[in-house]
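# A closer look at the structure
These are the residues of each chain, in order.
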Amino acid sequence: MAKPSDSRRRQYWLRFAGVALAYVVFGKLGISLSVAEGIVTPVWAPSGLALAALLIFGRSLWPAVALGAFLTNATSGAAPLVAAAIACGNTLEPVIAAQLLRKTGFRIDLARMRDVFLLVFLGAGVSTLLSATNGIAILFLAGLDRSALASDWLLWWFGDAVGILMVTPLLLLAYVHRVGRPTRARSLEAVLLGSTLSLVTALVFLGGAWQYPYLIFPPLLWAALRFHQLGAATGSFVVGVLGTWGTVVGTLPLEASTATTRVQLIQALLVVLAISLLVVGATLEERETALRSAEQTAARLSEAQALTHIGSWEWDLTTDAVTWSDELYRIFGLPAATAVSSAEFLSHVLPEDRARIEETVQRARLDRQPFSLEYGFAVGVRTRIVHSRGRVIAVDGSDSPRLVGTAQDVSEQRQAETLRADILSIVSHELRTPLASILNLAVTLRQKGNELNEPRARRMLDNVVNEARRIDRLLSNLLEIDRLRHGVVAAMREPTDVTQLLRQVADVHRIGDRPIAIEAEPMLATVDGPKIERIVDNLLLNAVKHTPAGTPIVLRVQPKANDLLIIVDDDGPGIPQEHRTAIFEIFDRGPKAMSNASGAGIGLALVGRLAALHGGQAWVETSPSGGASMRVLIPNCVESEELDELPMAGVTAHETHENAKDSPTYRNSAHSSR
Amino acid sequence: MVRIVIADDDETYLESLRDVLEAQSGLTVIGAARDGVEAIELTEELHPDALVIDAHMRQLDGVAAIARLRRDHPALCLIALTGDPAPPLHHAARDAGADAVFLKGEFLGTLFARLAAVKHG
């Protein structure tokens, strides 16, 4: 296994070799052209290559540039010392350019206008001065050619600049876009565009159609418009290569003294073209970035509004134009983007809140103070409670103000607050009754204890104890139901002798002359014993509490296929149909619906929750004597042997077993028992 | 002896109320009802001097029973008990014709005095 540092080193040397080799190849190509004057050539791609390499891979690659420059010059007729001196300038040029660009915050994707200008001025314009000056100075000192110093300097500088403008953008953008697969359609378009551009450019510069140079503009604009900077750079490069080639081979009848000057003329055109295209590309990129960022901002705002259920609105008081955010349409329950006026808005506001809104707006208009208010908003049968904040924005101090603000859906909070208040009132009611009993019994016993006959005093003391236990049970129920509501309780299922359990619970309630009959056979069920005990305890307590002393209560347990059915029948007044669901759901739906079913309270709510914890349910029917018949069904907990006698028994038993294994409660209990 | 009928849907409370009232000299409980309908029936049947009734019951609410009994028995002493300290229920019981409304959570000393005074008043 290669260590990371090893692989990094190998990567460096690979890059090193690649850059040095490419430098030599492109350098020799430039020098070998007929337009070159010795080693001074108007086509100097290596400077573009070197700058791109240092910008992409970092300046640590400078030795590759130095080596490439030295080899190129040394093998092209320059003495080793001269070649080395020139290579110094060739190396310093991209190193300084890269450094300058990095310092000025240049980005290699050329996506901003400033990147383009930085590359043109610092990269192509300034750093190349150094290389050209150094090169010509060395050549002068070496005494090679002293006839045309100025034009040679210009040739050198211009060659380097063109190299950077033609090659560097292409390499940078190719590197930036090296990842990411384009779609089929886009690839096809790129191929089509490339062929068209190449063909038209070749026709103009090589095929003799030089009278029509403007033919190359449509495909170049196509490239920049559709592919932005990558298209601009590639297009410039293609035109640059073919244009230079055409000039070199002499298919262009340009009026100029030398071939070198002709090449310089055509390259001046190419440079202007390249810069123009890059500027167009950058403009498009910047526009797209701005659009994307605006879209993202809008999306983020919308997301934030959806998360917090806060919408925003604007109301022009002069034109009565109302603008809502998407979330506000959702909050109000109206189809998105329907036009609204203040009158329509008010028509949905609950009538009792309308005057308050109008008043608030009027006042805000006058005193220009921020305001907040709450109102009901109804669409059809759906009503939401909305909390709105707003303020007045005066346009240039004129008298045509706008109101802007937010609106939050607080329906759930308000409902929760109401429910909490209701629960508190129920709990206090349920606590107060036994406390009242204890207080009155205890005070009476203290005051009149000696005068009372023995059985009565005894019964009063018993009731003090009973009522104290009732308060204790009430508090336990309350804590249990709170834990259940927060989902921190799991059913710890174990094989339990249910009948034995029920007998024990019934014994506790069989006080005084309270007959509690039990109809059950010995039965084993996989349930959470203490929770089943709690269910039965609360059912019996409810029956005892709401039926006259002496009337019978029947506790029945039946296996129903693999389910366990617990029934408590009483002889009381029964429960009216309309309260039958509500009594088990008091903590879910609030007690408003069951104000007359007083005393059902939290005991039955807990029964419902505990049944649900076992995957079962609780409900009420009418007992044979017309009283209440409270029923709790716990599914998939009985493994009955009698099932063997039923048809398909084997399949049923098997399936149920599997179901039990898959049911969440089963898994939960298995998990929590580990 | 002041003869009293009591009514409450809470069995244990009903029993303790009976014992507490009977422990007072001069008071006797002649009937106990578990709901409003039974309270009216017992009152018609036993003609008590006073009725002490829970204002909040199922099967004909205490307040409704009070209104009905006040209509038929203008002279009967009607006393409402409630576990709810909220004023609306108290007002409702009074408006229905209750002579007094007592809070369950307090010691019922004033209730005893009030009942004891029935014969004289």
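When helices and strands are tallied, chain B shows 5 helices and 5 strands. Taken from the N to the C terminus, the helices and strands of chain B come in the order β-α-β-α-β-α-β-α-β-α. Among the 121 residues that make up chain B, the fraction classed as buried is 50%. Counting contacts in chain B only where the partners sit at least 6 residues apart, residues at least 24 apart contribute 58% of the total.

Now for the overall build of chain A. Helix and strand counts for chain A come out as 20 helices and 12 strands. Taken over 674 residues, chain A has a buried fraction of 37%. Taking contacts inside chain A between residues at least 6 apart in sequence as the whole, the part at least 24 apart equals 66%.

Here we take up helix α8 (residues 217-249) of chain A. All names here are of chain A. For α8, built from 33 residues, the straight-helix expectation of 48 Å at 1.5 Å per residue is missed by more than 12%, its first-to-last C-alpha distance being only 23 Å. At F227, α8 shows its largest bend, some 150°. The element α8 is extensively covered by neighbouring structure, given that 24 of its 33 residues are classed as buried.

The subject of this paragraph is the interface of chain A and chain B. The interface is formed by 29 residues belonging to chain A together with 23 residues belonging to chain B. The biggest single contributor to the side of chain A that touches chain B is helix α13 (residues 411-448) of chain A, with 12 residues. A class-by-class count of the residues in the side of chain A that touches chain B yields 12 nonpolar, 11 polar and 6 charged.

As a further point, take the pairing of strand β2 (residues 321-324) of chain A. Residue and element names in this part refer to chain A. Sheet analysis places strand β1 (residues 310-316) next to β2, joined by 4 bridges and oriented antiparallel. The residue of β2 that forms the bridge with E314 is T323. With antiparallel pairing between neighbouring strands as the criterion, β1 and β2 make up a hairpin whose turn holds 4 residues, including D320 at a positive phi of roughly 60°.

Residue and element names in this part refer to chain A. Across the interface, helix α3 (residues 62-74) lies against helix α4 (residues 80-103) with an axial gap of 8 Å and an inter-helix angle of 140°. In terms of axis orientation, α3 runs oblique to α4. By crossing handedness, the relation of α3 to α4 is classed as right-handed. Of the residues in α4, those in contact with W62, V65, A66, A69, F70, N73 and A74 of α3 are P80, A83, A84, I86, A87, N90, T91, P94 and V95. Classifying every residue of the contact of α3 with α4 gives 13 nonpolar, 3 polar and no charged.

Below, the discussion takes up the nonpolar core. Generally speaking, nonpolar side chains in soluble globular proteins are found buried as a group. Residue and element names in this part refer to chain A. Formed by 85 residues in total, the largest nonpolar core has its most connected members in Y23 and L49. A total of 14 residues in this core trace back to one element, the largest contributor, which is helix α6 (residues 149-176). When residues of this core are sorted by domain, at least three fall in each of domain 1 (1-180) and domain 2 (184-307).

Here we take up the environment of S629 of chain A. Residue and element names in this part refer to chain A. Inspection of the secondary structure assignment puts S629 in strand β12 (residues 628-634). Measuring from C-alpha to C-alpha, the distance between S629 and I575 comes to 8.9 Å, with 54 residues separating the pair along the chain. When sequence neighbours within four positions are dropped, the list of residues in contact with S629 reads I567, D569, V620, E621, T622 and S623.

Okay, the confidence of the model for chain B next. Per-residue pLDDT for chain B has a mean of 88; in total, 97% of the residues score no lower than 70. Taken over the whole predicted complex, pTM reads 0.53, whereas the ipTM for its chain interfaces reads 0.91.

Let us now look at the sheet that holds strand β7 (residues 516-519) of chain A. All names here are of chain A. The strand order across the open sheet formed by 5 strands is β7-β9-β10-β12-β11, and the pairing between neighbours is mixed. Two strands close off the open sheet at either side, each with one partner strand: β7 and β11 (617-622). Taken over all neighbouring pairs, the strand axes of this sheet differ in orientation by 20° on average, direction set aside. When strand β10 (residues 563-570) meets β12, the two strands line up antiparallel, connected through 6 bridges. Paired with I567 across the two strands is R631, which belongs to β12. In this fold helix α16 (residues 529-546) packs onto β7, β9 (553-560), β10 and β12, with an angle of close to 15° to the strand it touches most, β10.

It is worth spelling out the sheet that holds strand β3 (residues 371-379) of chain A at this point. Residues and elements named next belong to chain A. A sheet is described by the order of its strands in space; here 5 strands give the open sequence β2-β1-β5-β4-β3, paired in antiparallel fashion. Strand pairing shows two members of the sheet lacking a second neighbour, β2 and β3, which therefore form its edges. Adjacent strand axes in the sheet meet at a mean angle of 25° when their direction is disregarded. Seen against the sheet, helix α12 (residues 351-367) touches β3, β4 (382-393) and β5 (402-409) and runs at an angle of roughly 145° to β3.

All names here are of chain A. Residues other than glycine seldom take positive phi values, yet H309 does so here, at roughly 55°. Along the polypeptide, H309 turns up in the loop between α9 (259-308) and β1. On the basis of neighbour counts, which here come to 19 C-beta atoms within 10 Å, the residue H309 falls in the partly exposed class.

Turning our attention to the packing of α4 of chain A against helix α5 (residues 113-141) of chain A. The description of two helices packed together rests on the angle between their axes and the distance between the axes. Residue and element names in this part refer to chain A. Running from N to C, α4 and α5 point in directions that differ by 165°, and their axes come no closer than 9 Å. The angle between the axes of α4 and α5 places the two elements in the roughly antiparallel class. Two packed elements cross with a definite hand, and for α4 against α5 that hand is right-handed. Where α4 approaches α5, its residues V82, A85, I86, C88, G89, N90, L92, E93, I96, A97, L100 and L101 are matched on the opposing element by L118, L122, G123, S127, T128, L130, S131, N134, G135 and I138. Here the residues of the contact of α4 with α5 are counted per class, giving 13 nonpolar, 8 polar and 1 charged.

Residue and element names in this part refer to chain B. Considered for burial, the residues of helix α3 (residues 62-72) that qualify are G62, V63, A65, I66 and L69. Relative to the axis of α3, the buried residues are bounded by an arc of 155° and lie together on one face. For α3, the exposed residues lying more than 90 degrees away from the buried face are R71 and D72. Residues of α3 that are buried in the fold lie against α2 (36-46), β3 (50-54), β4 (77-82) and α4 (87-96).

A few words on the confidence of the model for chain A. Residues and elements named next belong to chain A. Taken residue by residue, chain A gives an average pLDDT of 82. The fraction at 70 or more is 89%. Every residue in residues 589-599 is under pLDDT 50, and counting partners more than four places away or in other chains gives 29 contacts. Confidence drops under a pLDDT of 50 for residues 642-674, and excluding neighbours within four residues, the segment shows 26 contacts in the predicted structure.

The subject of this paragraph is the pairing of β4 of chain B. Residues and elements named next belong to chain B. Burial analysis of β4 places 6 of its 6 residues in the buried class, which makes it a mostly covered element. Of the two faces of β4, the one holding C77, I79 and L81 and the one holding L78, A80 and T82 are both buried throughout. The pairing of β3 with β4 spans 5 bridges and is parallel. If you follow V52 over to β4, its bridge partner there is I79. In terms of strand pairing, β4 meets strand β5 (residues 100-103) through 4 bridges, oriented parallel. Bridging across to β5, A80 finds its partner in V101. A crossover connection joins β4 to the parallel β5 through α4; in handedness this β-α-β unit is right-handed.

Bringing the environment of R59 of chain A into the picture now. Along the chain, R59 of chain A turns up in the loop between α2 (45-57) and α3. When near neighbours in sequence (up to four residues on either side) are disregarded, R59 of chain A contacts L54, V95, A98 and Q99 of chain A.

Moving on, we come to the environment of V536 of chain A. Residue and element names in this part refer to chain A. Mapped onto the fold, V536 is located in helix α16. Sequence separation of V536 and L501 is 35 residues, and the distance between their C-alpha atoms is 9.4 Å. If we ignore the near neighbours within four places in the chain, the residues touching V536 are L502, V505 and I566.

About the cut-offs
- Residues numbered from 1 in each chain as written.
- Chains lettered and ligands numbered in written order.
- Predicted model: local features only at pLDDT ≥ 70, side-chain atom pairs only at ≥ 80, totals over all residues.
- Helix = DSSP H or I, 4+ residues; strand = E, 2+ residues; numbered from the N terminus.
- Buried ≥ 20, exposed ≤ 12 C-beta atoms within 10 Å, placed from the backbone.
- Contact = placed C-beta atoms within 7 Å.
- Expected span 1.5 Å × (residues − 1).
- Bend = angle between axes of the 7 residues up to and from the residue.
- Nonpolar A, V, L, I, M, F, W, Y, C, P; charged D, E, K, R; others polar.
- Pairing = 2+ DSSP bridges.
- Axes fitted to C-alpha atoms, helices over the stretch in contact; angles between N-to-C directions.
- Parallel < 35°, antiparallel > 145°, perpendicular 65-115°, else oblique.
- Left-handed = near helix turned anticlockwise from the far one by under 90°.
- Core = buried A, V, L, I, M, F, W, Y, C linked by C-beta atoms within 7 Å.
- Domains from an automatic or database assignment.
- pLDDT = per-residue confidence, 0-100.
- Arc of directions from axis to C-beta.
- Right-handed = clockwise from strand over helix to strand, strands pointing away.

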